[in-house]
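Structural features, examined
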Amino acid sequence: MVEFQNSLRINTDVSAVYEYLSKVENFSKWNYAVSEVKKLKKKNGAGKELYGIYRKSSGPKYEEGYLESSIPNQKLVMVIKGDWFPYEMEYTLSVDGSQTLLNNKARLSPSKISYFPLQLAKNNLQKAVYQNLLVLKSKLENY
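Residues numbered from 1 in each chain as written. Predicted model: local features only at pLDDT ≥ 70, side-chain atom pairs only at ≥ 80, totals over all residues. Heavy atoms only, no water.

The next point concerns the packing of aromatic side chains. Enumeration according to the criterion identifies 4 aromatic pairs in this entry. Centre to centre, the rings of Trp30 and Tyr91 are 6.2 Å apart; their planes meet at 80 degrees, and the pair counts as edge-to-face. Of this pair, Trp30 sits in helix H2 (residues 27-30) while Tyr91 is found in strand E6 (residues 87-96), placing the two residues 61 residues apart along the sequence. Overall, the relative accessible area of 5% leaves Trp30 in the buried class. A centroid spacing of 6.4 Å and a plane angle of 65 degrees characterise the contact between Phe85 and Tyr87, whose relative ring orientation is edge-to-face. Taking the relative accessible area as the measure of exposure, Phe85 reaches 12% and is therefore buried. Grouped by ring-pair contacts, the aromatic residues Phe27, Trp30 and Tyr91 constitute a single cluster. (Phe/Tyr/Trp six-rings, centres within 6.5 Å; stacked < 30°, edge-to-face > 60°. Helix = DSSP H or I, 4+ residues; strand = E, 2+ residues; numbered from the N terminus. Buried < 20%, exposed > 50% of the residue type's maximum accessible area, 1.4 Å probe, protein only.)

Following the criterion strictly, the structure yields 10 salt bridges and no others. For Glu36, the salt bridge identified is with Lys38, shortest N-O distance 3.9 Å. Exposure remark for Glu36: the relative accessible area of 36% places this residue in the partly exposed category. A relative accessible area of 38% means that Lys38 is categorised as partly exposed. Notably, a salt bridge pairs Glu64 with Lys42, separated by 3.2 Å at the nearest N-O pair. Of this pair, Glu64 sits in strand E4 (residues 62-71) while Lys42 sits in strand E2 (residues 34-43), and the two are 22 residues apart along the sequence. You can call Glu64 partly exposed: its relative accessible area is 22%. A relative accessible area of 41% places Lys42 in the partly exposed class. (Salt bridge = Lys/Arg side-chain N within 4 Å of Asp/Glu carboxyl O.)

Turning our eyes to something else, we now look at the nonpolar core. Nonpolar side chains tend toward joint burial in soluble globular proteins. Grouped together as the largest cluster of nonpolar side chains are 32 residues, with contacts concentrated most on Leu21, Tyr91 and Leu102. Look past the residues within four positions of Tyr91 in its chain and what remains in contact with it is Leu21, Phe27, Trp30, Gln74, Lys75, Leu76, Leu102, Asn103, Asn104 and Leu133. (Core = buried A, V, L, I, M, F, W, Y, C linked by side-chain atoms within 4.5 Å. Contact = heavy atoms within 4.5 Å.)

Next up on the list: the pairing of strand E5 (residues 75-81). Across the 7 residues of E5, 5 count as buried, placing the element largely inside the fold. Where E4 lies against E5, 7 bridges are found, and the strand directions are antiparallel. Following the sheet pairing, Tyr66 is matched in E5 by Val79. In sequence, E4 turns back onto E5 through a hairpin of 3 residues, with Asn73 there showing a positive phi of about 65 degrees. Bridging between E5 and E6 involves 6 bridges; their strand directions are antiparallel. From the neighbouring strand, Leu76 faces E6, where its bridge partner is Tyr91. (Pairing = 2+ DSSP bridges.)

On their own, these measurements won't tell you what the molecule is for.
Here it is as structure tokens:
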């Protein structure tokens, strides 16, 4: 498993951050690599609503994901499965004065063959995810 995390403060209420993140369709509004997210008319084996995630970057053009778990105003975990490897994005929220502290943990589960190239690209991936979080911050602060 390859893991990394990012944190930032968002100058808005924790409930607004949670509400925005919990709408999976919003993912394409702040993730530069995602062109569209559609709620599918099917569920996974555990009964979770599935979403089709369409990418505009290199790599897989289509993935499916779902909200694995959520605790209102505290935590969301999204699982995404695509052609390269499954990964999990965890968003933990906490109140910091009048701001929201957002901590994002990424857990990527590559095969043995793709583990080392992914490990080498880890820092670039972490930076790209942080850039996406900055877009999210901007959207929420100007919402």
